[in-house]
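The residues making up each chain are set out below.
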Amino acid sequence: MQWILIAMILILLIPLYEAWQDDDIWQRMLAFASIATKTSIMILVISVLRDDWMIGVVGVLILSVGNAALMLLAHVLRRMNEG
Amino acid sequence: MCWPTVQARGGIVANFSTDLSVDAYVLAIAMLLPITACMLVTQVNPYHALVIRGILGAVAALVYALFGAADVALTEALVGTMLSITLYAIAVRSSLRMRLGVLEEALPERSPVADYPQPLPAATPVLSALRQALRQYHMRLELVAYPDPQALQAALVTKDVHTILLPSATAIAASQPPDSLTGHSSGQPLGQSSGQSSGQHSGHPSRSHTPPRRYQLQTRIQRLYEILQPVLPSDVASLDYLTLKSNPQTHLPHDPSAAVEPPPSMEVQS
């Protein structure tokens with residue numbers, strides 16, 4: 001089970017590198033969305049691994065409402081590029 | 001020197017898995033936090049830094065949940081990431097801007113699709129040059145429409161806008177500014193003779209020898225003048241720096257960006 005988490009951490013490094021290297025703001029937003037989802041799934045995996053329902057509920061909440069910040073930030077960036 | 005210890009523990013990690021012993025994946029996840037923090041502090045563009053701040057918040061929520069602090073993880077994801085990013089994005093967007101006053105005839109009616117004014121093609125070169133100059137400083141251009149040149153000058157005096165854009169003919173017609181304005185025609189492009197500058201400074205523009213420019217920019221902020229002057233194309237527009245005399249009635253408290261005005265006694269090196 002731990003090898004699943006190790007593999008997920010390695011996969012998490014891919015959008016992290018993308019967010020670091022790419023200068024396009026929208027590519028960084030894509031990497032942000034990818035990382036936000038991946039970390040939420042990792043929280044769910046950890047909750048299953050430890051059999052902890054409290055962490056599982058928090059993981060579900062972060063997965064469901066965590067991307068609202070992404071949407072709000074995308075709106076502000078879109079208005080900036082247009083104006 | 002730490003490797004033998006790690007290798008010796010390698011075989012008995014499974015025995016400590018129920019304890020708070022350091023597993024390999026705990027170390028790997030915990031290492032993500034300083035990595036993203038280093039990524040954040042090396043950013044130059046404020047908008048890029050906001051995106052990286054969101055990534056840092058997501059990784060921090062993962063680390064908090066990993067260590068069993070579910071409430072802290074939820075707070076970090078909701079407040080630390082969502083609310084702070086939104087507020088900072090609005091703050092950066094509101095502060096890193098240059099309000100440019102233009103005539104209404106240069107702007108048609110608002111587009112039904114987008115709620116921002118589309119400039120006419122005649123004003124496009126100078127606006128694109130301004131945007132390109134301001135983009136280096138991560139600033140954006142905000143257009144404010146006024147009905148006539150007198151309203152433009154009044155808006156500049158009352159610090160409603162940072163810079164105004166006048167057509168050259170209008171600028172000549174309105175070359176006599178109000179009493180609270182002192183014009184410095186030091187905005188001549190590089191390579192131009194100083195004769196025209198002295199002519200404009202004395203209130204008698206001598207534009208007969210040189211072709212008239214299409215637009216004239218007047219700013220009241222010295223830093224904007226320093227940014228725009230070297231990069232503004234000479235065949236598109238000229239730039240003037242106006243020193244506002246101290247007048248308590250012209251201070252408007254509703255514009256926080258007006259706090260960066262130069263001192264009234266400031267002079268510009270031509």
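A quick note: this is a predicted structure, and the numbers were derived from the prediction, not measured.

(A) Just helix H2 (residues 24-41) of chain B, in detail. Helix length check: H2(B) (18 residues) gives 27 Å between terminal C-alpha atoms against 26 Å at 1.5 Å per residue, within 8%. Residues of H2(B) that are buried: B:Tyr25, B:Val26, B:Ile29, B:Leu32, B:Thr36, B:Met39 and B:Leu40. Buried positions in H2(B), seen along its axis, are confined to an arc of 145° and lie on one side of it. When the buried face of H2(B) is taken as reference, the exposed residues oriented beyond 90 degrees from it are B:Ala24 and B:Val41. Turning to H2(B), the residues buried within the fold contact helix H1 (2-21) and helix H2 (25-50) of chain A together with helix H3 (46-66) of chain B.

(B) Summary view of the interface of chain A and chain B. Of the residues lining the interface, 38 residues belong to chain A; the matching set on chain B comes to 43 residues. One can count zero salt bridges joining chain A with chain B. Between the two partners, chain A and chain B, sit three residue pairs in polar contact (both at pLDDT 80 or more). If you list the elements that add at least two residues to the side of chain A that touches chain B, you get H1, H2, helix H3 (53-65) and helix H4 (68-82) of chain A. At twelve residues, H2(A) tops the list of elements feeding residues into the side of chain A that touches chain B. When the residues that make up the side of chain A that touches chain B are grouped by side-chain class, the tally is 30 nonpolar, three polar and five charged.

(C) The pairing of strand S5 (residues 215-219) of chain B, seen in detail. Residue and element names in this part refer to chain B. For S5, a buried count of five out of five residues is recorded, marking the element as mostly surrounded by other parts of the structure. Pairing of S5 with strand S6 (residues 237-244), which is carried by five bridges, proceeds in the parallel orientation. Each bridged residue has a counterpart across the sheet, and for Gln218 the counterpart in S6 is Asp240.

(D) Up close: empty space enclosed by the protein. Scanning the entire structure with this criterion turns up three cavities of 30 Å³ or more. In this model, the largest cavity occupies a volume close to 130 Å³. Along the walls of the largest cavity sit 17 residues, with A:Ala36, A:Ile62, A:Gly66, B:Ala58 and B:Ala77 positioned nearest its centre. Sorting the residues of the lining of the largest cavity by element identifies H2 and H3 of chain A together with H3 and helix H4 (70-95) of chain B as the ones contributing at least two each. Element by element, the count of residues in the lining of the largest cavity is highest for H2(A), at six residues. Residues that form the lining of the largest cavity fall into these classes: nine nonpolar, eight polar and no charged.

(E) Highlighting a nonpolar patch on the surface. A contiguous nonpolar surface patch, about 290 Å² in accessible area, is contributed by A:Met1, A:Ile4 and A:Val48. Among the structural elements, A:Val48 can be located in helix H2.

(F) The arrangement of unusual backbone geometry in detail. In the Ramachandran plot, A:Asp51 falls in the positive-phi region, its phi being about 55° despite a non-glycine side chain. Under the relative-accessibility criterion, A:Asp51 is labelled exposed at 62%. Phi at B:Lys159 takes a positive value of approximately 60°, unusual for a residue other than glycine.

Thresholds applied
- Residues numbered from 1 in each chain as written.
- Chains lettered and ligands numbered in written order.
- Predicted model: local features only at pLDDT ≥ 70, side-chain atom pairs only at ≥ 80, totals over all residues.
- Heavy atoms only, no water.
- Helix = DSSP H or I, 4+ residues; strand = E, 2+ residues; numbered from the N terminus.
- Expected span 1.5 Å × (residues − 1).
- Buried < 20%, exposed > 50% of the residue type's maximum accessible area, 1.4 Å probe, protein only.
- Arc of directions from axis to C-beta.
- Contact = heavy atoms within 4.5 Å.
- Salt bridge = Lys/Arg side-chain N within 4 Å of Asp/Glu carboxyl O.
- Polar contact = N/O pair within 3.5 Å; in protein donor to acceptor, adjacent residues only side chain to side chain.
- Nonpolar A, V, L, I, M, F, W, Y, C, P; charged D, E, K, R; others polar.
- Pairing = 2+ DSSP bridges.
- 1 Å grid on protein atoms, 1.4 Å probe; cavity = no way out; pocket = protein on both sides within 12 Å on 5 of 7 lines; lining within 4 Å.
- Points joined across faces, edges and corners; volume = space filled by probe spheres on them.
- Patch = residues over 30% accessible without salt bridge, like charges linked within 9 Å, V, L, I, M, F, W, Y side chains within 5 Å.
- Areas by Shrake-Rupley, 256 points an atom, 1.4 Å probe, with all protein chains shown as cover.

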